[in-house]
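Report on the structure
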Amino acid sequence: MKIKHYQLLVDSILHPKKLAAYRLLPIGKVIQYVFLLITFITVISFSKFLTGMGSGGESMQLEGLSEYLDDIKWLLYPFAFVFLFIITSFLTFLRISIYGFVGVILLKMMGHRGEYRHIWRTTALAITLATILSNSLSFTSLNGSIVTVISIAITIAYIAVAVTKYPKIKK
């Protein structure tokens, strides 16, 4: 099955029913997609870091620290980006795994057949909209816990819709 990452992105946002079919994708393709999503998250978060760092540095009252930070920015930023990428990767894969467990419970409750590895792949795609939305809403003054609840609800809803397209258990 030759499918482009762009098509996975579009389907994971607009067509949650198609996510069930993508459970059969090779794991490498799904992990590539997740790392592209992580890169997007990291770039957005890093841009917030840069803009926050710039405004915070100008309002500092300790001029020596401000000058020191200005001197080492070229060194600080690459390390900050790599550290942010690693932490984001860990947290994203952890979220996918936890949502995958929720997906297995949904599979059993709805009477559909599937394995954890299948629901993990579906979940890896189902987090796309919630991730993009939560990162976009982080630039607003909306409360972080409200954004988290919205993100969880969207992801579980997408998983539930995808699970309805999994094969039924034969009795």
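Residues numbered from 1 in each chain as written. Predicted model: local features only at pLDDT ≥ 70, side-chain atom pairs only at ≥ 80, totals over all residues. Heavy atoms only, no water.

1. Re the overall build of the protein chain
Counting its regular elements, the protein chain contains five helices and zero strands. Accessible area for the protein chain stands at about 10200 Å²; split by element, carbon and sulfur atoms hold 71% of it. (Helix = DSSP H or I, 4+ residues; strand = E, 2+ residues; numbered from the N terminus. Areas by Shrake-Rupley, 256 points an atom, 1.4 Å probe, with all protein chains shown as cover.)

2. Here we look at the nonpolar core
Grouped together as the largest cluster of nonpolar side chains are 31 residues, with contacts concentrated most on L8, L19, Y22, I119 and I159. When residues of this core are traced back to their parent elements, those giving at least two are α2 (27–58), α3 (63–110), α4 (116–137) and α5 (144–163). Ignoring sequence-local partners within four residues, the contact set of Y22 consists of I3, Q7, L8, D11, R121 and L125. (Core = buried A, V, L, I, M, F, W, Y, C linked by side-chain atoms within 4.5 Å. Buried < 20%, exposed > 50% of the residue type's maximum accessible area, 1.4 Å probe, protein only. Contact = heavy atoms within 4.5 Å.)

3. Overview of the pattern of salt bridges
For the structure shown, the criterion picks out two salt bridges. Ionic pairing is found between D11 and K18, a salt bridge with its closest N-O pair at 3.7 Å. (Salt bridge = Lys/Arg side-chain N within 4 Å of Asp/Glu carboxyl O.)

4. Considerations on the environment of V161
When you line up the elements, V161 lands in helix α5. Sequence separation between V161 and P16 is 145 residues; the distance between their C-alpha atoms is 6.3 Å. Contact partners of V161, with chain neighbours within four places excluded, come to P16 and K17.

5. Some thoughts on a nonpolar patch on the surface
A cluster of nonpolar side chains, namely F83, I87, F90, L91, L94 and I98, defines an oily patch on the protein surface of about 600 Å² accessible area. One can find L91 in helix α3. (Patch = residues over 30% accessible without salt bridge, like charges linked within 9 Å, V, L, I, M, F, W, Y side chains within 5 Å.)

6. Quick word on the packing of helix α1 (residues 5–14) against α4
Contact geometry of α1 with α4 gives a least axis separation of 8 Å together with a crossing angle of 75°. Relative to α4, the element α1 lies roughly perpendicular. On α4, the residues that touch L8, L9, S12 and I13 of α1 are L125, T128, L129 and I132. Class assignment of the residues belonging to the contact of α1 with α4 gives a composition of six nonpolar, two polar and no charged. (Axes fitted to C-alpha atoms, helices over the stretch in contact; angles between N-to-C directions. Parallel < 35°, antiparallel > 145°, perpendicular 65-115°, else oblique. Nonpolar A, V, L, I, M, F, W, Y, C, P; charged D, E, K, R; others polar.)

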